[in-house]
Every structure is written in C-alpha cells, then in structure tokens.
Amino acid sequence: MSDTTTARSTADALRADDKKEAPAGNGGPVGAVANWVDERTGAAKGVRFLLKKVFPDHWSFMFGEMAMYSLVVLLITGTFLTFWFVPSMGETTYNGSYVPLQGVQMSEAFASTVKISMDVKGGLLIRQIHHWSALIFLVSIALHMFRVFFTGAFRKPRELNWIIGLLLAMLSMVEGFIGYSLPDDLLSGTGIRAMQGFILSIPVVGTYISYFLFGGGFPGHDIIPRFFTIHVLLLPAVLVGLFTAHILLVMVHKHTQYPGPGRTNKNVVGFPLMPVYAAKAGGFFFVVFGITTLIAGLVTINPIWAYGPYEPTMVTAGSQPDWYMGFADGALRLLPGFLEFTVLGFTFSFNIMIGAILMIPILWTIMGAYPFVEAWVTGDKNEHHILDRPRNQPTRTGLGMAAITFYGILFAACGNDIMAIKFNMSINDITRAFQIGLIIMPPIVFWVTKRLCLSLQRADREMVLHGRESGRIVRTGRGKFFEAHQNLDDFQRWPLVAYDAHAPIELPSATDENGVRRKGARKDRMRARLSHYYFKDRIEPVTPAELEAAHHDGQAHEAIESHPDEAEQGLMHGGAEEIGEAHAYGHPGEHADAGKN
Amino acid sequence: MSNEHSPQEGAVANEESGGVVATRDDEQSLPARFSNPGLAPHVHRLGDSDEKAARRSERQVAGLFTLSMIATVLFIVAYFTIGEKTSVTLPISGKVGALHAALGVTLAVSLLGIGLGAIHWAKTLMSDTEVVEERHVQRSDDEARDGAVKVVMDGVESSQFKRRPLIKYTLGGALGLFALPLGLQLVGGLGPAKDVADDLKTTLWDSEVPVLGPDGKPEMKDGKPVTRPRRLMRDPEGTAIRLSDVTLGSVFHVLPEGINDTADPLNQKVKASVILISLEEDKIKSARERNWGLNGVVAFSKICTHVGCPVGLYEQTTHHLLCPCHQSTFDLTEDCKVVFGPAKRPLPQLEIKVDDAGYLYAPHGFEEPVGPSFWERDR
Ligand code: HEM
Ligand code: FES
C-alpha cells in the first residue's frame, strides 16, 4: 500500500466515523492543514474526543472557570510588566514626571513601578489589571472551593483533585503576597518587614531562615530580586503545572452534575465542548477579562506613588495586606501577647507563630483530610458524580459554615483599627469581641446551619407530598377556604427525592463470638460515635408509598369539607411533621431524636 | 442484580433499576424509592422555530461584535490623542487620569463585546439540546491491573533488582543523597550563616563615631582613632538635638549619628530608630526609666516588639505609644510595657545624656535586643 492511499484511507475512516467533524468537503485550506497535521500527529482522534466532551451547565461551575481565566489574565499582564519592572534594590534618585517624588531616594524597583504607572503609556492600566485580577483570582478560588465543598464534589474519585486544588489555593496566596511585595513601596515594605518578624518566631532555625532569605539582615539588597524570580518563574510554573493536572483530572473524571431528571451516577448530561461550551466558556474568558479591565480602568488599587518608597522608620496608619492575607493578619491581632514565653533561655513566640507560621498549614491539613474523614465516617466507598444539594448534608454544610465563620472573623479582625475609627468605638472592645466571637461563633453557626438545612429538607418533603402553593384560593361548599396545591410532576419531583440519607453506622459488638475483645474495637466505637454525630438527625426523602398516602389524605377535598374542624387543616398544607408522626421517617427509633433537636 | 455494594452501584444506579430493587412488602408493592424519570421533554426556544426571532438574535450578536471593533479603534485613538497629564472627574471613581480611564473603558468594551456576543450566540442560536455522555468507573479492569503489575514485576525481575541487594541499597543511597550538593550550594550561597544572632542583638548605638579634629580628619591617639558615643539625630534631617529643643510634650523621631556613613543605612535604621519624647517627670512611674532619661525626656526603641513595625503613633493624653500594624499599645510612663495588643515585651529604653556641647547622646546601646522576638534572644 502506498503512502497516499494510507493517508486517504485514514481521512476516509475519519469521515466515515463522524461526518460533521471531518474537514469539510474535499479539504479546502483548513482541511489541508488539518490533514497535514493529522498525518504527522494522529491528532484527529484526540481532537474528536475532546470536542465531543460533555459539560454540564450550572452557574456555580463558573467559579472554577473564573479562577482559570483570571490566571490567564495574570500571566498575560504579568509578562507585560516584566518588560519595564526593574527587580533591584539599588538606590536611585527619582527624576521622572511625578512631581511629588522628584529628588527622593528610592530603590530601582520602586522607581520603575512609578515609571510604569506614570510614564509608560497604558502601563498603569496593565498594572491595575494585574492587581485586580489577582484579587479576583483569589476570590474565585475561594468561591470555587466553597462550591466543591458544599456539594460534596470532593468525594471519591475526586479527592486528589481536592488536594491539588488546596495546593493551588495556598500557592496562589503566596504568589499574591510576593507580587504585592515587589514594588518596594512603603506598604509592601512594611509587609515584608512583618514577614521577617514571622520568620524570626520560628523555633531554632528562624533566625537562619531569615538571614538566608534576605541574604543577611533585613532588608538587605537581595529580597526583591529573589522574590522576583519566585514570582515570575518558580510559582507560575508550579501553578500552571498543578492547574494542568487539575483540569486533566476533571477531564478524566468528567464533570459532576447536580441531581436532575435523566442525570445518573453513570452519565453526564450537558452541552458538548464544540460548539456550545466552547462559545460559552470562550466568551466567558472575554467577559472576565473585560470586567477586570473595566474595574482596573475606573477604580485605583495600590497607588504606590502616594505611599512613597519603603522607609523602615515610617509607616502609614491603617496598613493592611491584600484581602486574601487578611485572615492571617487578623489572627496576629487577636492572639494575646502572653503566648510568648522563654524556656531555658529560648524564646517561644506563639503569639506570632500560631497566626503567621502554623495556622495556614494546620488549616490546610484539616481541609485536606476532610474528604477522607467523611468517607471513613460514612463508610461509603462508591464513586459519586451526582452532587449533593447542601441541605441534604446538614452536618457537612454546618461544618463548612462554621469554618467560614472562623475565617470570616479572622478576616474582620484585620480591620479592627479601621472599624474603631469609623464607628468611633474602642479598639480594645472590638478586639475582645472578636476574640470571644472566634471561639463561640463557629459552634453557634454550625448549629443554626444544621437546623436550617433540616428545615429546608422538611420543606422539600412538604413540596413533594403536597405540591407547590398555586396561589389559587378555593372556597368549599361549606364556606371554608383553602389554597389549592399543585402537585409536582415526575421531573420536578426527582431532584427533591434523589438523595440518600445516610443512617449512622451500627457499632459492631466489641467482643467476638468467643467473648474475646476484638482488635480495633475502640476505633469502631469512635467511628460509630462520629457517624451518629453526623447522621443522627436526618430527613429521609419521600418514598412513593408516602406520596401515595399523602395524596390519599390531601386530595380528599370532600373528606376535608366533611371534617371542618381546625385540626384537619394541617393535612392540606401538612408539614412533614404530621406525615412524620405516621410514617415519614422510616426509622421510628431515631425520630424522637430528630424531633427533639 | 445483587444487593452487594460493588463500586459501580451508586445510589442512583439502584434507583434506575426501579422496581427490581427491594420493595416493601407491607406497602402495596410500591417501589421503596422513586425512580429516575429520564430527561425531561425538550422545550424549544423562540428562535428555534421562528426565523424572525433567530434573525434578531443574529443581529444582536453581530452588534456586540461590531461594538467590540469600534471600541478597539477608540482605544487606539485614545492612546495617541489623550495627553498623559489630563485628568477627568468621574462619578464614584473621582478624579482619574483621562488616558488611563479611556484606555481601560475602551479595552473593556472591546473584550466584553466579544465575550457577551459569543455567549449570546451560544444561548440563542446554538443547539440547546442536552447531550448525554456515559461515564465509566475510574478503576481499571482486573486484566489491565494485572497487566500493569506484571510489567512492573517483569521489569524488576529482568533487572535482577531483587536478587542483587548490593545494587538495590547503593542505588537507594545514591538517589537519596544526590540532591545534597545542590541543596548545599543553594542554601550555602543564600546568606551568611555566621553571627546571625549577634547581628540581631546589636544596633548602631553600640558602636561609636570617630572624633574629628579641627582639620576635619579623624583625631588619632596611639595610632587608633579617638571615638565618642553617637548623638541623637533628627530623622530625616540628620541634625543633632539639644535637650532644650525637647519641649514638654514634643516627639522626635531619632536615628544615630553617622547612620548614612554605614554600608547599609536601611539595615541600621531597621534596628536603631528611636522615638524621643518629653513627659512631665513625675508622671514617670519607673525609677529606671527616670534615671535613663533627663528631666522627663526619654528615648525608646521605635521598633515594635511584635513583628517589627515602627511604633509611630503617640497619644499625648494617655502617654500611650501605638503600633499601627496590629495595635500593640505601650505605656510610656511605665517602661513602655505593653498595655494592649499582641506584643509581649516592652520597648527597650535607650539611656540618654547631654554632652559638653549641649547635645543629646547615647552613652551605650540598648541593654536588650530590639524588635521582634527570636529563638536565641535571651541567650
Ligand atoms: C488556580 C486555581 C484553580 C483553578 C484555575 C481551578 C479551575 C477549575 C476548573 C475550571 C474546574 C472545572 C469546572 C468547575 O468545577 O468549576 C475545576 C474543578 C475542580 N476544582 Fe478547581 N481550580 C482552582 C483551584 C481549586 C481549589 C482551591 C480547589 C479546592 C480546594 C479545587 C478543587 C476542584 C475540584 C475537586 C474539581 C472537580 C470538581 C467537579 O468536577 O465538579 N480547585 N477547577
Ligand atoms: S508589629 Fe506592632 S503590633 Fe504587630
């Protein structure tokens, strides 16, 4: 067989397979190029596979995309900035066009940043887009994480991607902090100074780490060039690498989907990449870029020329880091000084270390462990591709909200001085209130959220059993009024009943049949206890039998008319409670428990 | 279908099989759970059947793309025509550079036109019928797994890795160690490993300045320059301070004399900057603080003992020094001990005296390290 025939038959095979996606007609220029490439790479198979991939649609899936596009915008604008930025701490005297700084001694890094802002046409716009998209990037990562957590998208088989995501989030924060430090202005210099203080608090090696990092005492001449390499080379490479792994895993797993008619654990329902998803996602990139640009053009962020160059003896009141570092700064403000002490002449500064060095690794470890803890508690080894509605996992949702509360209070504490000024309150009182809030608020929020979820689940049951309120008031022959309820059809009902309410794991007996203590009995007991804690309060989805029964009672208008006493009214609008008493929960033993809480 | 849990068999899988799965025998043989009704019937959009509506969508999409092109042109026009010094006042944003705002808005519209156009196109004209793709469990089938294990085992076997422990252990050792030289080079080259704690414990106040003779050259005695302790100099003017300059209630930001002649003035400032304040002497509760001052004029390190910001805010009525970074508050009347905030240690005091010429100087440096705590601080 000659080469040409092989080629033709490959192309034919391609066409035979899928007429639409094959290069049009007998080629045309596009077809010719496609043919040329495919003969050398065999790319057609991959392209077909990729372009046919199906993506489910939901607004909450946008956060991950937003993060991805902000990352791209950061890479583009960051590259622009490298053409003018001078990563040097060499001293120079400013003689550019910004009058208030003329004649001032400053580092070349700062001088070049002022130059980008004042003397490079459009340079300020690029700087502002870069900074704004960094902020938006981290906001989207946070929202994306919330989405993944509350919907249980981290469950098997996506635990790995959850961990990659956590790494991305942490490194993005570090990348942001380092970028913020590069201009060497008064604000960022103060930030680096604080960072050196954090490092010094590390036991045994803190001083050495600091001197290695800064190439000697603070600030020295090395930190900006070193940060520059980390910011434009090292971390972007790691971020892009991790992100690629992240997105490849999404391809391999195929995207999760919310429960809905026709959606099962074994399929994915949505739009194919070509053309719908490509147009939407491609369009969305431009929208993210466009909105970031609009904000950047209209709202000034980090006007370093107004702060002036870093000067170790000066500081501005109300100095604050970028928002994503706020929680760590807040923690530093709340940790009391008595946590510093000396043992055998060695200094332990837990007032600094806990907030600045230990907190992020500890929080990230807890988050990283969560999917595995939950899987252990539920004993669930199945793959999950259908997302949870947050209300159907009251304990998880409660824990998540408690964590967000903890984070939120630390974040708010970072603005305690500004609040004190704005609201004319004592900073001592505000700080004390935050310290107390940090301890008592998360449990309260956990409890409230869990109750709220259970109520929402009851409302779902109510909806399934009695339909939605139609707003139509019906007057009965006896002069009684009631609101007609419209029953859900199969497609509307399905999302509300398509979940599993886990039952707590039973404790296996601690002794085996011979009465000998089994190994691992204690672990089992802990697991049973945790499982009980997670699932003792639960609301089961409506079963067909219950619906049947409800219809039997509810639809009997005649019956209600003939029993006009008040108690019967309940059946018209019937809460899950009434049904529950009779047969809603399917686990009467637990029911008393659920009612009590 | 068995009721054992195989990985494939998620919750929904059960429901799909509907009535086949366990039914409750007490309820008139209804299934235990609802079953998935399958995809809802597709509802067509206006544009799918009405060519007029479709054409309207087409025009809207094209309009957005055109808007983008216009904005791109405007960007270029703005770039060349708007002066860099002109500014405009906008609602909400206030006064901004005209060029900057114009470039931002035109670029934004250019990008948004494309983005919104594409999304509108996808939503109104492209097929909105949902497509179903099958999923497969991630786990490879047993054959593939066994195959993979076999390939690895065969490789191990043919390399004789197991049978030759000598190779195994030496390879492990070599791989374990090879990164050391690289690590050593990196860490060794990054910074000084010697006298680190000493550097943190000393400030410029610990050293003296040469005394200049009438000819402007350092005076020498026994072949060594004569030195004297450093004076307190105003920051940033660099002029010496007389005791009489420090009127009641005044605050001076101070640096040691000769700081700009050092190799790294910034590094010295970070440690040596001082705040000089005059109080009524009887307000000072601590005897040492009074003795180290002069008639109520006292000098303290300006570097916060928390993480090192300059403690720049003085509240005259309460005699409190406040650090703007995390609000540590120091009581100036009592050895600058911490009265609020996350810092633990008081600000170290610098003893001051007056020399013959009437200027303030520091006879010796701080008695303890300034600034943030560190491991070897008390050693
Ligand atoms: C650089 C930052 C990140 C980018 C650019 C990014 C991007 C994306 C994108 C585009 C998707 C697919 C669509 C979606 O669900 O939104 C995705 C999925 C996912 N992301 Fe991220 N992400 C980032 C950070 C994170 C973080 C911080 C986490 C969690 C700790 C995370 C966990 C996940 C998981 C588990 C999935 C699979 C979820 C599913 O298929 O539903 N990602 N990511
Ligand atoms: S640095 Fe002064 S309070 Fe933190």
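What this report covers is the structure whose coordinates are included nearby.

What counts, and at which threshold
Residues numbered from 1 in each chain as written. Chains lettered and ligands numbered in written order. Predicted model: local features only at pLDDT ≥ 70, side-chain atom pairs only at ≥ 80, totals over all residues. Heavy atoms only, no water. Helix = DSSP H or I, 4+ residues; strand = E, 2+ residues; numbered from the N terminus. Contact = heavy atoms within 4.5 Å. Areas by Shrake-Rupley, 256 points an atom, 1.4 Å probe, with all protein chains shown as cover. Donors = N, O, S within 2.8 Å, 3.2 Å for Na, K, Ca; no water. Tetrahedral: all angles 85-135°; square planar, octahedral: opposite > 155°, others 65-115°. Axes fitted to C-alpha atoms, helices over the stretch in contact; angles between N-to-C directions. Parallel < 35°, antiparallel > 145°, perpendicular 65-115°, else oblique. Left-handed = near helix turned anticlockwise from the far one by under 90°. Nonpolar A, V, L, I, M, F, W, Y, C, P; charged D, E, K, R; others polar. Near = heavy atom within 4 Å. Polar contact = N/O pair within 3.5 Å; in protein donor to acceptor, adjacent residues only side chain to side chain. Disulfide = S-S within 2.5 Å. Buried < 20%, exposed > 50% of the residue type's maximum accessible area, 1.4 Å probe, protein only. Salt bridge = Lys/Arg side-chain N within 4 Å of Asp/Glu carboxyl O. Pairing = 2+ DSSP bridges. 1 Å grid on protein atoms, 1.4 Å probe; cavity = no way out; pocket = protein on both sides within 12 Å on 5 of 7 lines; lining within 4 Å. Points joined across faces, edges and corners; volume = space filled by probe spheres on them.

## Topic: the overall build of chain A
Here comes step 1: For chain A, the count of helices and strands is 24 helices and eight strands.
Here comes step 2: Taking all contacts inside chain A whose residues are at least 6 apart in sequence as the whole, residues at least 24 apart take part in 75%.
Here comes step 3: Counting only carbon and sulfur atoms, one obtains 67% of the accessible surface of chain A, whose full area is about 27,200 Å².

## What to know about the coordination of the iron atom of ligand 1
Residues and elements named next belong to chain A.
Here comes step 1: The coordination sphere of the iron atom of ligand 1 contains the protein donors His144 (NE2) and His246 (NE2), at a distance range of 2.0 to 2.2 Å.
Here comes step 2: Around the iron atom of ligand 1, the six donor atoms sit at angles spanning 74 to 179 degrees, and that spread fits a shape best called irregular. Note that His144 is positioned in helix α6 (residues 123-150) and His246 in helix α10 (residues 223-253), a separation of 102 residues in sequence.

## Some thoughts on the packing of α6 of chain A against helix α7 (residues 159-181) of chain A
Residues and elements named next belong to chain A.
Here comes step 1: At a closest axis distance of 11 Å, the pairing of α6 and α7 adopts a crossing angle of 160 degrees. The angle between the axes of α6 and α7 places the two elements in the roughly antiparallel class. With respect to the hand of their crossing, α6 and α7 are arranged in left-handed fashion. Each of His131, Phe137, Leu138, Ile141, Met145, Val148 and Phe149 in α6 lies in contact with α7, whose residues at this interface are Trp162, Leu166, Ala169, Ser172, Met173 and Tyr180.
Here comes step 2: Broken down by class, the residue content of the contact of α6 with α7 amounts to 11 nonpolar, two polar and no charged.

## Section: the site of ligand 1
Residue and element names in this part refer to chain A.
Here comes step 1: Around ligand 1, 25 residues are found, and the nearest of them are His144, Arg147, Gly165, His246 and Thr256.
Here comes step 2: The contact in question runs from a nitrogen atom of ligand 1 to an N or O atom on the side chain of His144, over 2.6 Å.
Here comes step 3: Contact distances for ligand 1 include 3.0 Å between an oxygen atom and a side-chain N or O atom of His255.
Here comes step 4: At the level of secondary structure, the elements contributing two or more residues to the shell around ligand 1 comprise α4 (62-82), α6, α7 and α10.
Here comes step 5: For the shell around ligand 1, the per-class residue count stands at 15 nonpolar, seven polar and three charged.

## As for the state of the cysteines
Residue and element names in this part refer to chain B.
Here comes step 1: Across all of its chains, the model carries one disulfide over all chains by this definition.
Here comes step 2: One disulfide in the model links Cys309 with Cys325; its S-S distance is 2.0 Å. Around the S-S axis, the bridge from Cys309 to Cys325 shows a dihedral of about -85 degrees and counts as left-handed. With Cys309 in the loop between β11 (297-301) and β12 (313-315) and Cys325 in the loop between β13 (320-322) and β14 (329-331), the pair connects residues that are 16 residues apart, well separated along the chain.
Here comes step 3: You can call Cys309 buried: its relative accessible area is 1%.
Here comes step 4: Lacking any disulfide linkage, Cys336 is separated from the closest cysteine sulfur, that of Cys304, by 11 Å.

## Regarding unusual backbone geometry
Here comes step 1: A cis amide bond, omega 5 degrees, links Lys156 of chain A with the succeeding residue Pro157 of chain A.
Here comes step 2: As for its placement among the helices and strands, Pro157 of chain A is situated in the loop between α6 and α7.
Here comes step 3: The omega angle of the peptide bond from Met274 of chain A to Pro275 of chain A is 5 degrees, so this bond is cis rather than trans.
Here comes step 4: With respect to the helices and strands, the residue Pro275 of chain A is situated in helix α11 (residues 273-298).
Here comes step 5: In this model, His319 of chain B sits at a positive phi of 60 degrees, which is unusual for a non-glycine residue.
Here comes step 6: Among the secondary structure elements, His319 of chain B is positioned in the loop between β12 and β13.
Here comes step 7: Positive phi outside glycine occurs at Gln327 of chain B, with the angle close to 65 degrees.
Here comes step 8: Overall, the relative accessible area of 2% leaves Gln327 of chain B in the buried class.

## A few points about the interface of chain A and chain B
Here comes step 1: The interface of chain A with chain B comprises 121 residues on the first partner and 107 residues on the second.
Here comes step 2: For Lys269 of chain B, the salt bridge identified is with Glu311 of chain A, shortest N-O distance 2.7 Å.
Here comes step 3: Our count for the contact surface shared by chain A and chain B stands at 40 residue pairs in polar contact (both at pLDDT 80 or more).
Here comes step 4: Here the residues of the side of chain A that touches chain B sort into 58 nonpolar, 41 polar and 22 charged.
Here comes step 5: Looking at chain direction, strand β4 (residues 267-272) of chain A and strand β3 (residues 131-134) of chain B are connected through four bridges and run antiparallel. Bridged to Asn267 of chain A within β3 of chain B is Glu134 of chain B.

## Topic: the pairing of strand β6 (residues 346-349) of chain A
Here comes step 1: Along β6 of chain A, the buried face is formed by Thr347 and Ser349 of chain A; none of Phe346 and Phe348 of chain A, which line the opposite face, is buried.
Here comes step 2: In this antiparallel pair of consecutive strands, strand β5 (residues 340-343) of chain A and β6 of chain A, the connection spans two residues, and Leu344 of chain A shows a positive phi of 50 degrees.

## Regarding the sheet that holds β14 of chain B
Residues and elements named next belong to chain B.
Here comes step 1: Read across the open sheet, the four strands follow the order β12-β13-β14-β15; overall the sheet is antiparallel. Only two strands of the sheet have a single neighbouring strand rather than two, namely β12 and β15 (337-340). Each adjacent strand pair in this sheet contributes to an overall mean axis angle of 35 degrees, direction not counted.
Here comes step 2: Pairing geometry for β12 and β13, over three bridges, is antiparallel. Within β13, the position partnered with Leu313 by the bridge is Leu322.

## Some details on the pairing of strand β8 (residues 481-486) of chain A
All names here are of chain A.
Here comes step 1: In this sheet, β8 lies alongside strand β7 (residues 468-475) in antiparallel orientation, the contact comprising five bridges. Across the sheet, Glu469 pairs through a bridge with His485, a residue of β8.
Here comes step 2: What sits between β7 and β8 in their antiparallel hairpin is a turn of five residues, with Gly479 showing a positive phi close to 90 degrees.

## Structural notes on the pattern of salt bridges
Here comes step 1: Taken as a whole and assessed by the stated rule, the structure comprises 37 salt bridges over all chains.
Here comes step 2: Residue Lys53 of chain A pairs with Glu133 of chain B through a salt bridge whose shortest N-O separation is 3.9 Å. Here Glu133 of chain B lies in strand β3 and Lys53 of chain A lies in the loop between α3 (43-51) and β1 (54-55), a pairing that spans two chains.
Here comes step 3: Looking at Glu133 of chain B, the relative accessible area reads 15%, which means it is buried.

## A word on empty space enclosed by the protein
Residue and element names in this part refer to chain A.
Here comes step 1: Under the counting rule described, the total for this entry stands at five cavities of 30 Å³ or more.
Here comes step 2: For the largest cavity, the calculated volume is near 130 Å³.
Here comes step 3: For the largest cavity, the lining is made up of 15 residues, of which Arg155, Glu374, Ala375, Thr378 and Asp380 are closest to its centre.
Here comes step 4: Among the elements that line the lining of the largest cavity, the one with the most residues is helix α14 (residues 350-378), at four residues.
Here comes step 5: Looking at the lining of the largest cavity residue by residue, the classes come out as three nonpolar, five polar and seven charged.

Spatial relationships are all this shows, so hold off on functional conclusions.
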